[in-house]
Amino acid sequence: TFNGTWKVDRNDNYEKFMEKMGINMVKRKLAAHDGLKITIQQNGDKFHVKESSNFRTLEIDFTLGVNFEYSLADGTELSGSWAMEGDMMKGTFTRKDNGNLLTTTRTVQNDELIQSYSYEGVDAKRIFKKS
Ligand code: MYR
């Protein structure tokens, strides 16, 4: 279900979320139109994700339930893991700089990949279409 290339189509409350994350206005404006594209290849418990945006391209490998490190485009470092809950991916990550929790989910609904984000009580979504 998650396999394929997904391009961001629209955001919901993403600027408020980034503000809570402490990202300044100029970067928020850029990041809201970052053209994020993710290619997901799942093989059992193992995932390979290619990410490309106006900011960068990178490739990540992770295994469900196994901690890994991930840096945001602004350099903020996270550590955590993804797990599968039914048809939903649930990510639990901790910011290394302040210890705060960032949770995220991915689901596929009606040919769209919906990624939710939650940080310090602020929730956002980014909705991707297959490309
Ligand atoms: C992946 O599966 O794509 C790699 C791991 C993703 C980790 C969590 C992503 C949280 C991104 C938050 C964006 C915040 C921007 C302020």
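Scroll up to find the structure.
Basis of the calculations
- Per-chain numbering applies: the sequence of each chain, read as written, is numbered from 1 onward.
- With pLDDT at 70 or above as the cut-off, local features in this predicted model cover only qualifying residues; side-chain atom pairs require 80 or more to be listed or tallied, and sums for whole chains, interfaces and linings still use all residues.
- In computing side-chain properties, one takes all heavy atoms of the structure into account and sets aside hydrogens as well as water.
- Here a residue counts as near a molecule or strand whenever at least one of its heavy atoms sits within 4 Å of it.
- Any pair of N or O atoms that falls within 3.5 Å is considered a polar contact. Within protein, one atom must be able to donate a hydrogen and the other to accept it, and sequence-neighbouring residues count only if both atoms are side-chain atoms.
- Think of it this way: any DSSP run of H or I at least four residues long counts as a helix, any run of E at least two long counts as a strand, and we number them from the N terminus.
- The rule for pairing is simple: two strands pair if DSSP sees at least two bridges between them.
- Patches here are clusters of residues that have more than 30% relative accessible area and form no salt bridge, with a 9 Å joining cutoff for like charges and a 5 Å cutoff for nonpolar side chains (Val, Leu, Ile, Met, Phe, Trp, Tyr).
- We get accessible surface area from the Shrake-Rupley algorithm with a probe of 1.4 Å; when it comes to residues, only the shown protein chains can shield them.
- A carboxyl oxygen of Asp or Glu within 4 Å of a side-chain nitrogen of Lys or Arg is what we treat as a salt bridge.
- Fitted lines through C-alpha atoms give the axes, limited to the stretch in contact for helices. The angle between two N-to-C directions lies from 0 to 180 degrees.
- Ring pairs are drawn from Phe, Tyr and Trp, using the six-membered ring of Trp, whenever the two centres fall within 6.5 Å, and their geometry is named by plane angle: stacked under 30 degrees, edge-to-face over 60, tilted for the rest.
- Only protein chains enter the accessibility calculation, which uses a 1.4 Å probe; a residue is then buried when its area is under 20% of its type maximum, exposed when over 50%, and partly exposed in between.
- Contacts: residue pairs with any heavy atoms within 4.5 Å of one another.

Undergrad: When you look at the site of the ligand in this model, what are you seeing that I'm missing?
TA: As a matter of local geometry, the ligand sits amid 15 residues, with Tyr14, Ile23, Phe62, Trp82 and Arg106 nearest to it. Contact between the ligand and Trp82: an oxygen atom at 3.0 Å from a side-chain N or O atom of the residue. A distance of 2.7 Å separates an oxygen atom of the ligand from a polar atom in the side chain of Arg106. Those elements that place two or more of their residues in the shell around the ligand are α1 (14–20), β4 (57–63), β5 (68–71) and β8 (101–109). Take the shell around the ligand: its biggest share by element is three residues, from α1.

Undergrad: Help me understand the pairing of β4 in this model?
TA: Side-chain positions along a regular strand alternate between the two faces of the sheet. Strand direction decides the pairing type here: strand β3 (residues 46–52) and β4, joined by seven bridges, are antiparallel. Paired with Glu51 across the two strands is Leu58, which belongs to β4. Linking β3 back to β4 in an antiparallel pair, the connection comprises four residues.

Undergrad: When you look at a nonpolar patch on the surface in this model, what are you seeing that I'm missing?
TA: On the surface, Val26, Leu30 and Phe55 cluster together into a nonpolar patch covering about 300 Å² of accessible area. Along the polypeptide, Leu30 turns up in helix α2 (residues 25–31).

Undergrad: Can you walk me through the sheet that holds strand β1 (residues 4–12) in this structure?
TA: Two modes of strand pairing occur in sheets, parallel and antiparallel, and in both the strands are linked by backbone hydrogen bonds. The ten strands lie next to each other as β4-β3-β2-β1-β10-β9-β8-β7-β6-β5, forming an open sheet whose pairing is antiparallel. Each edge of the open sheet carries a strand with a single partner, namely β4 and β5. Taking the axes of each pair of neighbouring strands and ignoring which way they run, one obtains an average angle of 30 degrees across the sheet.

Undergrad: Just checking my understanding: could you explain the packing of aromatic side chains for this structure?
TA: Each aromatic ring pair is summarised here by two numbers: the centre-to-centre distance and the angle between the ring planes. Tallied over the full model, the rule gives eight aromatic pairs. Clustering of aromatic rings is evident, with ring pairs tying together Phe47, Phe62, Phe68, Trp82 and Phe93.

Undergrad: How do you make sense of unusual backbone geometry when you look at a structure like this?
TA: Both trends apply: most residues other than glycine have a negative phi, and most peptide bonds are in trans. Of note, Asp111 is a non-glycine position whose phi angle comes to about 65 degrees, a positive value. Relative to the helices and strands, Asp111 resides in the loop between β8 and β9 (112–119). Located in the positive-phi region is Glu120, a residue other than glycine, with phi close to 50 degrees. When you line up the elements, Glu120 lands in the loop between β9 and β10 (122–130).

Undergrad: Would you mind going over the environment of Ser131 with me for this structure?
TA: By secondary structure assignment, the location of Ser131 is in the segment after β10. Here Ser131 falls in the exposed class, since its relative accessible area comes to 58%. Measuring from C-alpha to C-alpha, the distance between Ser131 and Gln41 comes to 14 Å, with 90 residues separating the pair along the chain. Not counting residues within four places of it along the chain, the set of residues in contact with Ser131 comprises Thr5, Lys7 and Lys37.

Undergrad: What exactly am I supposed to notice about the pattern of salt bridges here?
TA: Proximity of charged atoms lets side chains of opposite charge pair with each other. Throughout the structure, instances matching the rule amount to ten salt bridges. A salt bridge links Glu69 to Lys96, with the nearest nitrogen and oxygen atoms 2.1 Å apart. Pair noted here: Glu69 is in strand β5 and Lys96 is in the loop between β7 (88–95) and β8, with a separation of 27 residues, a long-range link. Looking at Lys96, the relative accessible area reads 44%, which means it is partly exposed.

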